[in-house]
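Here are the chains, one letter per residue:
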Amino acid sequence: MDAGGGDHKRVVVVGGGFAGAKIAKLMQFDADVVLIDSKEYFEIPWVRNRSMVDPPFADRSLIQHTDYLSNATVVSSPAIGITQTEVLTAEGRTYGYDYLVIATGHVEPTPRSRKERLEQFKQENKSIKSSSSVLIIGGGRMGVELAGEIAVDYPEKKVTLVHEGSRLLQILGPKASEKALKWLTSKSVEVLLDQTIDLNSISKGDVDCRVFTTSAGRRITADCYFVCVGRPLGSSWLEDTILKDTLDKYGRLMVDDNLRVRGRYNIFAIGDITDIKEIKLGYLAFKQAEAAAKSIKLLMQGGEEEKIKKLAIYKAGPPLAFVSLGRRDAVGQLPCTTVSGYIPGLFKSRDLFVGWSRKEIGLKRDML
Ligand SMILES: Cc1cc2nc3c(=O)[nH]c(=O)nc-3n(C[C@H](O)[C@H](O)[C@H](O)COP(=O)(O)OP(=O)(O)OC[C@H]3O[C@@H](n4cnc5c(N)ncnc54)[C@H](O)[C@@H]3O)c2cc1C
């Protein structure tokens, strides 16, 4: 099936996270826009951790794509291939494009419908509530934020965090790692660094589900566990396509200064999937969506040579990121320093940027 037609150019966006949602929103009245996402809804990934301890919190952070896209076609099916002119989905349909935007960030094994996702949070919450000890595997942003949420909301539970690196939060500076470790320890979270848990033995059911042994031989008893490592990039579906040679060794799409996939005139890539050297952040994905939308609108006017010179240039963002530590505190990486405690918590930890994210895609900060 070909989407669109007539005078309007066809823009297909693959991936409905921060980058894809924003560009679809920005382009929907300038082109025939098709948004292809594995799920029916936009999700703010890091809100998952608060939603696991407080399921109603998820309500505002899971947004049906059709709630913010009034003039675009939404397709809820994974994309599995592309040609010079079309995108193919798992449902066996094809969508023709004049301009293609790839924004498939990271892949999470989340349900297709919002209702099922809300139910999943309720089940995870039940599991946490009924446990007296919890094991978290992975000390990156996801693992640290989850440990913080559980430690604050359920201080009576024994939380153990196992991390394979020598410091937590390796994408931030060492000072931020130290501050996060100090905060977690002050909340009685036991942090085991330089150790791993064999995930294969868990998935094969080789271990007693309550006793885990780390690579250093430390035995941990936990009534439930959460794996917070290895969110794969959403690029494996491109490996046998016309873009296979533009994937770098990490599976990221190599882009030029205009966010076009290297060597491609009409294919853009934005968000976490790109090889831009910066801390991967939702707010930067929004900025990339703005730059790419501006360029596509310009290219749609024709007169190539002249227009190409005027395409928006994207400059990598500064090292600026916040990691929440429960409902009140956070650790913040700023360009020249790190801060922790209540003040950075004012930025992130209360609302987790939910109101701000909603506003960025044209919705009210709160649900009616
Ligand atoms: C714990 C944690 C805390 C964070 N905190 C912050 C923060 O405070 N502030 C901030 O700005 N950023 C933060 N980030 C980073 C932010 O979440 C990411 O940078 C942002 O989500 C990237 O957006 P994206 O659209 O590129 O990718 P994603 O959000 O990963 O979205 C990708 C979309 O593509 C879809 N998809 C994947 N493959 C396919 C396919 N084959 N076909 C169709 N659809 C597909 C997925 O379903 C998903 O909807 C945090 C990240 C983590 C993990």
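None of the values given here were measured: they were computed from a predicted structure.

## Here we look at the overall build of the protein chain
When helices and strands are counted, the protein chain shows eleven helices and 19 strands. Relative to its length of 368 residues, the protein chain is compact, with a C-alpha radius of gyration of 21 Å against a globular reference of 21 Å. Taking the principal axes of the C-alpha coordinates as reference, the protein chain spans close to 65 × 45 × 45 Å. Burial statistics for the protein chain: of 368 residues in total, 45% are counted as buried. Residue pairs at least 24 apart in sequence account for 61% of intrachain contacts in the protein chain once pairs closer than 6 positions are excluded.

## With respect to the pairing of strand β19 (residues 338-341)
Of the pairings in the sheet, the one linking strand β18 (residues 329-333) to β19 comprises four bridges and is antiparallel in character. Looking at the pairing, A330 lines up with G341 of β19. Connecting β18 to the next strand, β19, in antiparallel fashion are four residues.

## Quick word on helix α6 (residues 174-186)
Here α6 spans 18 Å end to end across 13 residues, near enough to the 18 Å set by a 1.5 Å rise per residue. Of the surrounding secondary structure, the elements contacted by the buried residues of α6 are α5 (141-153), β11 (158-162), β12 (190-192), β17 (321-325), β18 and β19. At the C-terminal side of α6, S188 shows a positive phi close to 65°.

## Let's talk about the sheet that holds β19
Note: strands within a sheet are paired through backbone hydrogen bonds, in either parallel or antiparallel orientation. Taken in spatial order, the three strands line up as β17-β18-β19 in an open sheet, and their pairing is antiparallel. Two strands close off the open sheet at either side, each with one partner strand: β17 and β19. Taking the axes of each pair of neighbouring strands and ignoring which way they run, one obtains an average angle of 10° across the sheet. Judged from the five bridges that link them, β17 and β18 form a sheet pairing that is antiparallel. By the bridge assignment, A321 is partnered in β18 with Q333.

## Structural notes on the environment of R328
Secondary-structure assignment places R328 in the loop between β17 and β18. A tally of 14 C-beta atoms within 10 Å means that R328 is categorised as partly exposed. When residues no more than four places from it in sequence are discounted, the contact partners of R328 are Y342, G345 and S349.

## Thoughts on the site of the ligand
The environment of the ligand is formed by 36 residues, the closest being G15, G17, W46, G105 and G271. Every element with two or more residues in the shell around the ligand is listed here: α1 (18-27), β2 (32-37), α5 and α8 (282-300). When grouped by side-chain class, the residues that make up the shell around the ligand number 18 nonpolar, eleven polar and seven charged. Residues from two domains meet in the shell around the ligand; each of domain 1 (10-38 + 77-108 + 231-317) and domain 2 (121-229) gives at least three.

## A closer look at α5
Taking 1.5 Å per residue as the helical rise, α5 with its 13 residues ought to reach 18 Å, and the 18 Å between its terminal C-alpha atoms agrees with that figure. Burial analysis of α5 places eleven of its 13 residues in the buried class, which makes it a mostly covered element. If you check which residues of α5 are buried, you get R141, M142, G143, V144, E145, L146, A147, G148, E149, I150 and A151.

## Focus on the sheet that holds β2
Taken together, the five strands give an open sheet; going across it, the order is β5-β2-β1-β9-β16, and neighbouring strands pair in parallel fashion. In this open sheet, the two edge strands, each paired with only one partner strand, are β5 (72-76) and β16 (267-269). Mean inter-strand twist for the sheet, computed between neighbouring axes without regard to direction, equals 15°. Of the pairings in the sheet, the one linking strand β1 (residues 10-14) to strand β9 (residues 99-102) comprises four bridges and is parallel in character. Paired with V12 across the two strands is L100, which belongs to β9.

## Regarding the domain arrangement of the protein chain
Its domain assignment divides the protein chain into domain 1 (10-38 + 77-108 + 231-317) and domain 2 (121-229). A C-alpha centroid distance of 35 Å is found between domain 1 and domain 2.

## Regarding the packing of α1 against α8
Packed helices, taken two at a time, are described by the angle between their axes plus the distance between the axes. Between α1 and α8, the shortest axis-to-axis distance is 8 Å and the interhelical angle comes to 35°. Note that α1 runs across α8; the crossing there is right-handed. When α1 is examined against α8, the residues F18, A19, K22, I23, L26 and M27 are found in contact with a partner set consisting of G282, A285, F286, Q288, A289, E290, A292, A293 and I296. Partitioning the contact of α1 with α8 into residue classes produces eleven nonpolar, two polar and two charged.

## As for the confidence of the model for the protein chain
For the protein chain, per-residue confidence averages 94 on the pLDDT scale, and residues scoring 70 or more make up 95% of the total. Low pLDDT, under 50, characterises residues 1-5; the predicted model gives this stretch eleven contacts beyond four residues in sequence or across chains.

## As for the environment of L325
Structurally, the position occupied by L325 is in strand β17. For the pair L325 and S349, spaced 24 residues apart in sequence, the C-alpha to C-alpha distance is 7.1 Å. Beyond its immediate sequence surroundings of up to four residues, L325 is in contact with G148, A180, W183, A330, V331 and S349.

About the cut-offs
Residues numbered from 1 in each chain as written. Predicted model: local features only at pLDDT ≥ 70, side-chain atom pairs only at ≥ 80, totals over all residues. Helix = DSSP H or I, 4+ residues; strand = E, 2+ residues; numbered from the N terminus. Rg over C-alpha atoms; globule rule 2.2 N^0.38 Å. Buried ≥ 20, exposed ≤ 12 C-beta atoms within 10 Å, placed from the backbone. Contact = placed C-beta atoms within 7 Å. Pairing = 2+ DSSP bridges. Expected span 1.5 Å × (residues − 1). Axes fitted to C-alpha atoms, helices over the stretch in contact; angles between N-to-C directions. Near = placed C-beta within 6 Å. Nonpolar A, V, L, I, M, F, W, Y, C, P; charged D, E, K, R; others polar. Domains from an automatic or database assignment. Left-handed = near helix turned anticlockwise from the far one by under 90°. pLDDT = per-residue confidence, 0-100.

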